[in-house]
Amino acid sequence: MSAQKTAAPRHNPKVTTALRRFAISISVLNIFGYTVLGFEQPWTWPLIALATGYTVEIVLELLGARAEGRAPRFLGGGFKGLVEFLFPAHITALAVNMLSYVNDLVWVMVFGVIVAVGTKWVLRAPVKGRMRHFMNPSNFGIAVILVLFPWASIAPPYQFTEYLDGGFDWLVPAIIITLGTMLNAKLTERMWLILAWVGGFALQAIVRGLLFDTSIPAGLAMMTGVAFVLFTNYMITDPGTTPSSKWGQIAFGGGVAALYGVLTAMSIAYGLFFATALVCAVRGAFLWTADVVSKKRAEEALALAAVTRSVAQADTAATAAGAAACACPEGACACPSPATAENPACGCPENACACPGPATDAETKKVPVAA
């Protein structure tokens, strides 16, 4: 029986550190939200969401490891390895529960978590030779809930500051901005994306106001809410589903802002989630197209190299054959050679073109030259 291939590390250490801090931050926010802020979902739902997310993640990893002939990634690292493996599922499950509102139908929330975690194994594209998911998991899970269940909605923004007053309602977004900026600047390195997203969002609010006579201050005021701050620092900056390059980040963040403006102008609610999902889908299509084009160019380059090599080999063979056909045989005397007693005149071998023929009278006849 052949041994299973060792599973490659799921994330590099920097990304693992970022995921750890994301997981800690969202866990603290949920604890704080249910005890102080005023989260409206039942307090048992985060636990149900976590159990669902962990189960789906482990089951799909077992199936994927078996199909790919490798060891599951959560094995071999002990309890620490298991915890690090479950960071993405932990973040996704809590985010779907925290940011969606499905009345008292817990199964809808569970369905959203299953879709969110499962999409990482379905919507994938080749990135640097590896298959990677391109759809933001928690955003996609929430978007699917909003599409399939029209009566569902996102969590009311006021729940993050419902029981705070006296200036403390500004403290929550301030803390989120500070911690989120530090996290994204040092670990995820998505500050260009944040700048493009925030700048683009402000620009689309102004453009909509000028074109459609909507309230520009109201459009800009949305940027001060906790929901917008959370989305900016902990949703749109997902390192696994956003570009790493500077211009790629700018295109992604600006694209989400522009598409949000279009959707809002069309009176489509919850534009943040739909815009992000659509831009992720566009990026996935781009990754697949780039991979197909790259492979086609590589095949064309190999074919051209093979043709060039064949032509060069044919030219070399023809040159060698021609030289062999026209050269005098080894040891043959020069033709013609002056006849002597010791060396009678020899004749050129038949078909040997390199051996000069005897001079004739016509060739040695003197030609008068006019003065």
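Residues numbered from 1 in each chain as written. Predicted model: local features only at pLDDT ≥ 70, side-chain atom pairs only at ≥ 80, totals over all residues. Heavy atoms only, no water.

Participant: What is the right way to look at the overall build of the chain in this model?
Facilitator: The helix and strand tally for the chain stands at 13 helices and 4 strands. Counting the 371 residues in the chain, one finds 38% classified as buried. Put simply, of all contacts in the chain between residues at least 6 apart along the chain, 73% involve residues at least 24 apart. (Helix = DSSP H or I, 4+ residues; strand = E, 2+ residues; numbered from the N terminus. Buried < 20%, exposed > 50% of the residue type's maximum accessible area, 1.4 Å probe, protein only. Contact = heavy atoms within 4.5 Å.)

Participant: I would appreciate a short explanation of the side chain of Asn 136 in the present structure.
Facilitator: Looking at where Asn 136 falls in the secondary structure, it is placed in the loop between strand E3 (130-133) and helix H6 (137-148). Here Asn 136 falls in the buried class, since its relative accessible area comes to 4%. Side-chain polar atoms of Asn 136 contact the side chain of Ser 138, separated by 3.4 Å. Here the side chain of Asn 136 touches Met 235 through a polar contact of 2.8 Å, landing on its backbone oxygen. Not counting residues up to four positions away in its chain, the partners in contact with Asn 136 are Met 235, Asp 238, Thr 241 and Cys 280. (Polar contact = N/O pair within 3.5 Å; in protein donor to acceptor, adjacent residues only side chain to side chain.)

Participant: Explanation requested: unusual backbone geometry in the structure shown.
Facilitator: Phi is mostly negative for residues that are not glycine, and the peptide bonds are mostly trans. Here Asn 103, not a glycine, exhibits a phi torsion of approximately 60°, which is positive. Inspection of the secondary structure assignment puts Asn 103 in the loop between strand E1 (100-101) and helix H5 (106-122).

Participant: What am I meant to see in the side chain of Thr 232 here?
Facilitator: Within the secondary structure, Thr 232 is located in helix H10 (residues 226-235). Among the residues examined, Thr 232 registers a relative accessible area of 5% and is labelled buried. At 2.8 Å, the side chain of Thr 232 forms a polar contact with the backbone oxygen of Phe 228. Among all residues touching Thr 232, those that are not within four sequence positions of it are Ile 194, Trp 197, Val 198 and Thr 237.

Participant: Sorry, what's going on with the nonpolar core here?
Facilitator: Nonpolar side chains in soluble globular proteins tend to be buried together. Core analysis: the biggest nonpolar cluster contains 57 residues, and Met 98 and Trp 197 have the highest contact counts within it. The element best represented in this core is helix H12 (residues 271-326), accounting for 8 residues. Among residues more than four places away in sequence, those in contact with Met 98 are Ile 26, Leu 29, Asn 30, Phe 39, Gln 41, Ala 155, Gln 159, Phe 160 and Leu 230. With 8 residues, the next largest nonpolar core counts Ala 18, Leu 19, Ala 23 and Ile 91 among its residues. (Core = buried A, V, L, I, M, F, W, Y, C linked by side-chain atoms within 4.5 Å.)

Participant: Explain the pairing of E3 here, please?
Facilitator: One face of the sheet, then the other: side chains in a regular strand alternate in exactly this way. Looking at chain direction, strand E2 (residues 124-127) and E3 are connected through 4 bridges and run antiparallel. Opposite Pro 126, over in E3, you have Met 131 as the bridge partner. Count of turn residues in the E2/E3 antiparallel hairpin: 2 residues, of which Lys 128 carries a positive phi of about 55°. (Pairing = 2+ DSSP bridges.)

Participant: Can you help me understand the packing of aromatic side chains in this one?
Facilitator: Pairs of aromatic rings are described using the distance from one ring centre to the other and the angle between the two planes. Going through the model one piece at a time under the given rule, you end up with 13 aromatic pairs. Centre to centre, the rings of Trp 197 and Phe 228 are 5.5 Å apart; their planes meet at 20°, and the pair counts as stacked. With Trp 197 in helix H8 (residues 191-212) and Phe 228 in helix H10, this pair connects stretches of sequence that are 31 residues apart. With respect to class, Trp 197 is no different from Phe 228; both count as buried. One aromatic cluster is present, formed by Trp 197, Phe 201, Phe 228, Phe 231, Tyr 260 and Phe 273 through successive ring pairs. Of note, Lys 246 hangs over the ring of Trp 192, and the distance from its end group to the ring centre comes to 4.5 Å. (Phe/Tyr/Trp six-rings, centres within 6.5 Å; stacked < 30°, edge-to-face > 60°. Lys NZ or Arg CZ within 6 Å of the ring centre and 35° of its normal.)

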